[in-house]
Amino acid sequence: MKLELGYIDIKGIRFDDYNAIEDGVLVVNPDELVKPVLEDELIKSAHFEIAAPGESVRITPVKDVIEPRVKVEGPGAIFPGMIAKVDTVGSGRTHVMRGMAVVTAGPIVGFQEGIIDMTGPGADYSPFSQLHNLVLVMEMQDNGATAHEYEKAARMAGLATAARVGELARELVPDEVEVFETPTIAQSYSDELKDLPRVAYVMMLQSQGLLHDTYCYGVDVKRTLTTMISATEVMDGAIVSGNCVSACDKNTTYHHLNNPVIQDLFKQHGKTLNYVGTIITNENVYLADKLRSSDWTAKLADFLSLDAAIVSQEGFGNPDTDLILNCKKLEAKGVKTVIITDEYAGQDGKSQSLADADVAADAVVTGGNANELILLPPMDRVIGCLDYVDKIAGGHDGSLRPDGSIEAELQVITGSTNEMGFNRLSAR
Amino acid sequence: MSKYKLVHYINQFYGGIGGEEKADIPAEKRAGAIGPGLALNQAFGDEAEIVSTIICGDSWFNENLEEAKKTVLEMVREDQPDVFIAGPAFNAGRYGVACGAISEAVKNELGIPVVTGMYIENPGADMYREKVYIIETKNSAADMRKAAPKMAKLALKLAKGEEIGASAEDNYLPNGIRKNFFEKKRGSERAVEMLLAKINGKAYTTEYPMPDFDRVDPQPAIKDLSKATVALVTSGGIVPKGNPDRIESSSATKFGEYDITGVEDLTAETYETAHGGYDPVYANQDADRVLPVDVMREFEREGIIGKLHNKFYTTTGNGTAVASAKKFAEEIARRLIADGVDAILLTST
């Protein structure tokens with residue numbers, strides 16, 4: 001599959017009474033953009049706010065971060081099976097609004113997770129502190145729907161809003177164009193590729209239930225078997241996030257659209273390695289599911305005659321088991337494996353970092369210790385609310401101080417210890 | 001600006017006294033820098049200098065450990081240095097052990113920051129890496145040119161009271177404390193590079209060496225369950241509604257002990273989960289799904305178990321450090337044993 005990504009650089013966002021992209025600035029009419037969101041009877045209120053890098057702004061609780069994209073050539077549309085028809089995406093041309101994101105926030109359901117600070121020490125840890133963010137703040141009705149239904153309403157509102165914003169980039173001339181092409185099996189044995197080591201990317205997807213789910217072409221990933229996907233489909237929004245709890249190592253939709261392992265494997269493809277495919281596998285809570293899914297990872301590795309693989313994890317604790325199972329079974333098939341994880345070594349850094357371990361996991365990249373404490377100074381403006389800071393994963397009773405500062409673990413910061421290797425943060 | 005003062009410890013060989021045949025010379029102190037100290041002084045530039053050098057035979061130190069430590073400590077105390085520096089010992093075993101032992105003593109007994117250096121396979125490395133900063137060197141003195149600036153950099157940071165970075169940043173052997181820092185490249189790029197090295201049989205360093213797991217053998221089976229007192233313990237975060245002790249949703253710092261005398265069934269009105277790591281809807285609807293009080297009461301009535309202990313213990317496993325979990329478990333076990341509990345049903349999520 002061959003996909004061209006055309007990047008439109010966004011250098012700012014402002015509100016007005018029309019919608020456009022003017023000289024790299026996104027202009028939106030917030031009243032118009034919020035209307036379709038409010039059509040959902042589960043959503044009581046919604047409004048937009050803007051947060052720019054360097055501003056004294058704290059966004060919390062963050063649910064998802066989504067990069068606006070639009071398909072301009074080729075079949076399907078962004079977020080297939082979710083808000084677009086289920087047609088296969090990943091070929092043709094897609095425009096990307098680079099440098100910005102739609103962020104969904106507000107007290108929605110369950111534990112209220114995720115902080116993005118636009119300045120100060122917290123801004124060093126979240127990739128989204130460097131983006132121009134259009135924040136959709138929502139509040140849910142209390143009209144008898146289930147928690148899962150409210151979560152879905154918020155998730156869909158974010159995706160639909162990002163797609164609407166993305167439409168504004170349809171007719172623009174990109175600032176930069178990149179081309180990605182994935183090989184078929186036959187092409188992976190072409191003269192240029194056949195002598196290079198055959199490498200796959202194994203992407204583990206969180207699938208543990210409410211606020212811990214991921215969707216692929218609209219399918220709840222916990223109801224899937226391990227399967228394959230073209231890396232270019234991922235760039236067109238085939239995989240979206242439904243999880244944000246312990247926000248530090250959850251893959252937002254933005255992470256999926258900009259998967260760094262996929263990008264970095266493409267950079268080496270045809271030079272030092274042969275990137276033959278992408279395997280997606282879930283992280284369910286039952287042992288039988290873990291065994292079946294990891295068996296299947298190894299089977300697909302076998303089908304592809306892999307020499308090596310990179311495995312990225314999502315989450316921690318329970319999924320450490322899936323990670324180690326995948327690694328062990330790949331190594332047992334002779335597939336040289338590198339895993340990407342993060343650590344929970346305690347606030348003092350002295351504890352064992354993972355809940356599972358095996359000697360086969362001898363090549364590990366870490367996104368850092370999520371338990372390490374950070375002091376986030378007060379910000380002039382809060383988008384969302386601070387009511388939940390003491391309760392979120394990584395917070396504790398007294399995390400929120402009277403002056404608005406927060407002492408908490410890095411765990412509270414959206415994307416801080418990402419396990420796709422999105423960041424430079426690490427630990428030793 | 002006055003320079004920071006250092007005292008340097010070296011063995012008889014690097015002190016220019018002699019080889020193995022002189023290894024039994026007792027400690028002696030000389031003014032200024034000698035041998036490897038000259039390279040260190042050069043690395044310090046204008047910021048610090050070695051004011052005295054203690055030369056000690058490796059055999060004498062190791063064979064007269066207590067006396068040797070006392071003698072050397074006194075020599076260090078006289079000069080009141082800002083930092084004490086030992087070696088580097090490279091791959092010399094007894095020298096490495098001496099560097100580790102004297103560094104530990106200076107740090108603990110004189111409260112002076114210390115730096116030493118050695119090769120990772122030096123026996124002193126494993127003995128002292130968690131006690132003192134050991135700069136990693138290669139296995140021979142040919143590495144002195146590279147080791148000196150590393151030792152000097154860390155020594156200066158210690159002298160100035162600056163925060164010490166992660167082991168990979170400040171070049172010391174991992175000391176069991178995980179510390180965050182920013183790499184030059186993002187994780188995915190490091191993963192691709194590590195993979196290429198692994199494929200091509202080249203050297204690479206894992207960023208997290210796998211730990212040795214602490215496996216616990218199960219207790220022998222209970223012979224007669226109908227006489228046993230069974231307690232419920234969970235890491236699934238079940239707490240009385242409202243979470244009275246505010247157990248954290250992740251990275252718990254405490255556990256709760258709650259009385260369930262007369263409680264037949266956990267309901268949505270009375271119990272909930274504090275755990276942030278799983279879908280809480282089903283546990284909040286009926287907390288028996290995680291902490292099966294209802295079924296245990298049935299077993300109690302039917303005589304399958306003797307009785308259900310009147311207290312349960314709970315915490316959240318989510319992101320909780322193993323060291324914390326161990327501490328909770330020791331205290332919970334102590335209380336259960338004191339209460340005469342025979343068995344526990346441990347539920348997780």
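Residues numbered from 1 in each chain as written. Chains lettered and ligands numbered in written order. Predicted model: local features only at pLDDT ≥ 70, side-chain atom pairs only at ≥ 80, totals over all residues. Heavy atoms only, no water.

The helix and strand tally for chain B stands at eleven helices and 14 strands. C-alpha extents for chain B along the principal axes are approximately 85 × 50 × 45 Å. Intrachain contacts of chain B at a sequence separation of at least 6 include 71% that bridge at least 24 residues. When the accessible surface of chain B is split by element, carbon and sulfur atoms take 50% of a total near 16,500 Å². Distance from the positive charge centre (42 side chains) to the negative charge centre (53 side chains) of chain B: 5 Å. (Helix = DSSP H or I, 4+ residues; strand = E, 2+ residues; numbered from the N terminus. Contact = heavy atoms within 4.5 Å. Areas by Shrake-Rupley, 256 points an atom, 1.4 Å probe, with all protein chains shown as cover. Lys, Arg positive; Asp, Glu negative; His and termini not counted. Charge placed at Lys NZ, Arg CZ, Asp CG, Glu CD.)

What follows is about the interface of chain B and chain A. Of the residues lining the interface, 54 residues belong to chain B; the matching set on chain A comes to 78 residues. Between chain B and chain A, a total of about 5,300 Å² is buried, with carbon and sulfur atoms accounting for 58% of that surface. At the surface where chain B touches chain A, the tally comes to six salt bridges. A salt bridge links Glu-331 of chain A to Lys-198 of chain B; the shortest N-O distance between them is 2.6 Å. Seen at the junction of chain B and chain A, the total is 34 residue pairs in polar contact (both at pLDDT 80 or more). Within the residue set of the side of chain B that touches chain A, elements represented by two or more residues are α7 (167-170), β7 (180-182), α8 (187-199), α9 (281-285) and α11 (322-338) of chain B. (Buried area = accessible area lost by both parts, 1.4 Å probe. Salt bridge = Lys/Arg side-chain N within 4 Å of Asp/Glu carboxyl O. Polar contact = N/O pair within 3.5 Å; in protein donor to acceptor, adjacent residues only side chain to side chain.)

Pairing is mixed in the open sheet, where six strands are placed in the order β17-β19-β14-β20-β21-β22 (chain A). Whereas interior strands pair on both sides, the edge strands pair on one side only; in this sheet they are β17 (227-229) and β22 (364-369) of chain A. Taken pair by pair, the neighbouring strands of this sheet meet at an average axis angle of 20 degrees, ignoring direction. The sheet contacts of helix α7 (residues 318-332) of chain A involve β14 (198-206), β19 (274-283), β20 (308-312) and β21 (336-343) of chain A, and relative to β21 of chain A the element is tilted by about 165 degrees. Packed onto the sheet, α8 of chain B meets β14, β20, β21 and β22 of chain A and runs at close to 150 degrees relative to β21 of chain A. (Pairing = 2+ DSSP bridges. Axes fitted to C-alpha atoms, helices over the stretch in contact; angles between N-to-C directions.)

Let's shift gears to the packing of helix α6 (residues 287-303) of chain A against α7 of chain A. All names here are of chain A. Orientation of α6 relative to α7, taken along the N-to-C sense of each, is 35 degrees, at an axis distance of 9 Å. The handedness of the crossing between α6 and α7 comes out as right-handed. Contacts between α6 and α7 pair Lys-290, Leu-291, Ser-293, Ser-294, Asp-295, Thr-297, Ala-298 and Ala-301 from the former with Asn-318, Thr-321, Asp-322, Leu-325, Asn-326, Lys-329 and Leu-330 from the latter. (Left-handed = near helix turned anticlockwise from the far one by under 90°.)

Moving on, we get to the domain arrangement of chain B. Domain boundaries assigned for chain B yield domain 1 (4-170) and domain 2 (225-347). For domain 1 of chain B and domain 2 of chain B, the distance between their C-alpha centres works out to 52 Å. (Domains from an automatic or database assignment.)

The next thing to look at is the packing of aromatic side chains. Inspection of every chain in the model, using the stated rule, returns 15 aromatic pairs over all chains. Aromatic side chains Phe-266 of chain A and Tyr-275 of chain A sit 5.3 Å apart centroid to centroid with 70 degrees between the ring planes, which places their arrangement in the edge-to-face category. Look at Phe-266 of chain A and you get buried, because its relative accessible area is 12%. On the basis of relative accessible area, Tyr-275 of chain A is assigned to the buried category, the value being 3%. Plain terms: the ring middles of Tyr-258 of chain B and Phe-312 of chain B are 5.7 Å apart, the flat faces sit at 50 degrees to each other, and that makes the pair tilted. With Tyr-258 of chain B in strand β10 (residues 256-259) and Phe-312 of chain B in strand β13 (residues 311-314), the pair connects residues that are 54 residues apart, well separated along the chain. The class for Tyr-258 of chain B is buried, based on a relative accessible area of 8%. Residue class for Phe-312 of chain B comes out buried when judged on its relative accessible area of 0%. Above the plane of the ring of Trp-296 of chain A lies Lys-299 of chain A, whose end atom (NZ or CZ) is 3.7 Å from the centre. (Phe/Tyr/Trp six-rings, centres within 6.5 Å; stacked < 30°, edge-to-face > 60°. Buried < 20%, exposed > 50% of the residue type's maximum accessible area, 1.4 Å probe, protein only. Lys NZ or Arg CZ within 6 Å of the ring centre and 35° of its normal.)

Attention now goes to the sheet that holds strand β8 (residues 69-73) of chain A. Residues and elements named next belong to chain A. Spatially, β8-β9-β1-β13 is the arrangement adopted by the four strands of the open sheet, whose pairing is mixed. The sheet is open, and its two edges are formed by β8 and β13 (176-181), each paired on a single side. Strand-to-strand, the axes of this sheet are offset by a mean angle of 25 degrees, without reference to chain direction. With four bridges joining them, β8 and strand β9 (residues 92-98) adopt antiparallel strand pairing. The partner of Arg-69 across the bridge, within β9, is Val-96.

It is worth spelling out helix α5 (residues 260-268) of chain A at this point. All names here are of chain A. Where α5 is concerned, the buried positions are Pro-260, Val-261, Ile-262, Asp-264, Leu-265 and Phe-266. Between the side-chain oxygen of the N-cap and the backbone nitrogen of Val-261 there are 2.9 Å, and the N-cap of α5 in question is Asn-259. Gly-270, located one to two residues past α5, shows a positive phi value of around 85 degrees.

Counting 39 residues, the largest nonpolar core has Ile-262, Leu-265 and Ile-310 of chain A as the members making the most contacts within it. Put simply, the parts of the chain that give this core at least two residues each are β1 (2-9), β14, α3 (231-235), α5, β19, β20 and β21 of chain A together with α8 of chain B. Sort the elements by how many residues they give to this core and α8 of chain B lands first, with six residues. With residues near it in sequence (within four places) discarded, Ile-262 of chain A still touches Tyr-201, Met-203, Ala-231, Val-234, Met-235 and Tyr-275 of chain A. (Core = buried A, V, L, I, M, F, W, Y, C linked by side-chain atoms within 4.5 Å.)

Let us now look at α6 of chain A. All names here are of chain A. Taking 1.5 Å as the rise per residue, α6 with 17 residues should run 24 Å; its terminal C-alpha atoms sit 24 Å apart, in good agreement. Restricting attention to buried positions, one finds in α6 the residues Asp-289, Lys-290, Ser-293, Ser-294, Thr-297, Ala-298, Leu-300 and Ala-301. Down the axis of α6, the sector holding all buried residues measures 165 degrees, keeping them to one side. Buried-residue contacts for α6 involve β14, β17, β19 and α7. (Expected span 1.5 Å × (residues − 1). Arc of directions from axis to C-beta.)

Here the residue pair Thr-60 of chain A and Pro-61 of chain A is connected by a cis peptide bond, since its omega of -10 degrees sits within 30 degrees of zero. Within the secondary structure layout, Pro-61 of chain A lies in the loop between β6 (57-60) and β7 (62-66). At the junction of Gly-87 of chain B and Pro-88 of chain B, the peptide bond is cis and its omega measures out at 10 degrees in the coordinates. Mapping Pro-88 of chain B onto the fold places it in the loop between β4 (83-86) and α4 (93-110). Backbone geometry places Ser-246 of chain A, a non-glycine residue, at a positive phi of 55 degrees. A relative accessible area of 1% means that Ser-246 of chain A is categorised as buried.

Moving on to the side chain of Arg-93 of chain A. All names here are of chain A. Of note, Arg-93 is situated in strand β9. Within polar-contact distance, the side chain of Arg-93 engages the side chain of Glu-4 at 3.0 Å. With residues up to four places along the chain from it excluded, the contact list for Arg-93 reads Leu-3, Glu-4, Val-70, Lys-71, Val-72, Glu-73, Pro-174 and Val-177.

All names here are of chain B. Taken together, the side chains of Ile-222, Leu-225 and Ile-304 define a hydrophobic patch exposed on the protein surface, amounting to about 220 Å² of accessible area. Mapped onto the elements of the fold, Leu-225 is located in the loop between α8 and β8 (229-234). According to the relative accessible area criterion, Leu-225 is partly exposed, its value standing at 38%. (Patch = residues over 30% accessible without salt bridge, like charges linked within 9 Å, V, L, I, M, F, W, Y side chains within 5 Å.)

All names here are of chain B. Across the interface, helix α3 (residues 65-79) lies against α4 with an axial gap of 10 Å and an inter-helix angle of 55 degrees. Judged by the angle between their axes, α3 and α4 are oblique. Considering only the axes of α3 and α4, their crossing is right-handed. Side by side, α3 and α4 meet where Lys-69, Val-72, Leu-73, Val-76 and Arg-77 of the first sit next to Ala-101, Ile-102, Ala-105, Val-106, Glu-109 and Leu-110 of the second. Here the residues of the contact of α3 with α4 sort into eight nonpolar, no polar and three charged. (Parallel < 35°, antiparallel > 145°, perpendicular 65-115°, else oblique. Nonpolar A, V, L, I, M, F, W, Y, C, P; charged D, E, K, R; others polar.)

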